[in-house]
Amino acid sequence: MKTITIRDLRQRWPEAEAALQVEDEILITRDSKPVARLVRISETADARPRWDAAGHARWQKRVSGGRISRSDAALAKDRADRTLTSNRQ
């Protein structure tokens, strides 16, 4: 494991970053005493899927059995008199 001082880390970051590509981790020291470990992070291959509004609506309909909940009815009643406008250009 490679060691580097805090001062060297600040002043020579490109070399430390290059060393981190070779080493799995670098031990950071202050006054010859270890204070931290710098470790390489590997990219994860499995990205979390983005939220799908249409898929969620299908799931909600399937779970509720197509019934409208009391809150859905109240929201629909409250929003019935609204007109949709857009200020986007």
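Before reading further, recall that the structure is shown in the block above.
A brief look at the structure comes next. All values derive from a computational prediction rather than experimental measurement.

This part is about the overall build of the protein chain. Secondary structure assignment for the protein chain yields 4 helices and 3 strands. Going residue by residue from the N terminus, the α and β elements of the protein chain occur as β-α-α-β-β-α-α. For 89 residues, the compact-globule estimate of 2.2 N^0.38 gives 12 Å, and the protein chain exceeds it by more than 25% at 28 Å. Taking the principal axes of its C-alpha atoms as reference, the protein chain extends roughly 70 × 35 × 25 Å. When each of the 89 residues of the protein chain is scored for burial, the buried share is 11%. In the protein chain, of all internal contacts separated by at least 6 residues, the share reaching a separation of at least 24 is 23%. In the structure as shown, the protein chain presents an accessible area of about 8,700 Å², 50% of it carried by carbon and sulfur atoms.

Here we take up the environment of I4. Inspection of the secondary structure assignment puts I4 in strand β1 (residues 2-5). Considered as a pair, I4 and S32 are 28 residues apart in the sequence and their alpha carbons are 9.5 Å apart. Those residues within four positions of I4 in sequence are excluded, and the remaining contacts are L9, A16, I26, L27, I28 and T29.

Turning to the pattern of salt bridges, a few remarks are in order. This model, assessed by the stated rule, comprises 5 salt bridges. A salt bridge links D24 to R40, with the shortest nitrogen-to-oxygen separation between them at 2.6 Å. Highlighted residues: D24 in the loop between α2 (13-22) and β2 (25-30) and R40 in the loop between β3 (33-39) and α3 (53-64), separated in sequence by 16 residues. When its relative accessible area of 35% is taken as the criterion, R40 is described as partly exposed. Linking R37 and E25 is a salt bridge whose minimum nitrogen-to-oxygen distance equals 3.3 Å. Of this pair, R37 sits in strand β3 while E25 sits in strand β2; the two residues are 12 residues apart in sequence, bridging distant segments of the chain. Here R37 falls in the exposed class, since its relative accessible area comes to 56%.

Another point: α3. Under the 1.5 Å per step criterion, the end-to-end length of α3 is 16 Å for 12 residues, consistent within 8% with the ideal 16 Å. Between a side-chain oxygen at the N-terminus of α3 and the backbone nitrogen of A54 the separation is 3.4 Å; the capping residue is D52. After α3 finishes, the residue G65 shows a positive phi value of roughly 75 degrees.

To continue, consider the pairing of β2. Note: β1 against β2, 4 bridges, orientation parallel. Among the inter-strand pairings, T5 is bridged to a residue of β2, identified as T29. Summarising the sheet, β2 and β3 pair through 6 bridges and their orientation is antiparallel. The residue of β3 that forms the bridge with R30 is K33. Where β2 folds back on β3, the antiparallel hairpin that results is connected by 2 residues, among which D31 adopts a positive phi of roughly 55 degrees.

Reading the values: rules and limits
- Residues numbered from 1 in each chain as written.
- Predicted model: local features only at pLDDT ≥ 70, side-chain atom pairs only at ≥ 80, totals over all residues.
- Heavy atoms only, no water.
- Helix = DSSP H or I, 4+ residues; strand = E, 2+ residues; numbered from the N terminus.
- Rg over C-alpha atoms; globule rule 2.2 N^0.38 Å.
- Buried < 20%, exposed > 50% of the residue type's maximum accessible area, 1.4 Å probe, protein only.
- Contact = heavy atoms within 4.5 Å.
- Areas by Shrake-Rupley, 256 points an atom, 1.4 Å probe, with all protein chains shown as cover.
- Salt bridge = Lys/Arg side-chain N within 4 Å of Asp/Glu carboxyl O.
- Expected span 1.5 Å × (residues − 1).
- Polar contact = N/O pair within 3.5 Å; in protein donor to acceptor, adjacent residues only side chain to side chain.
- Pairing = 2+ DSSP bridges.

Worth remembering: the numbers are spatial, not functional.
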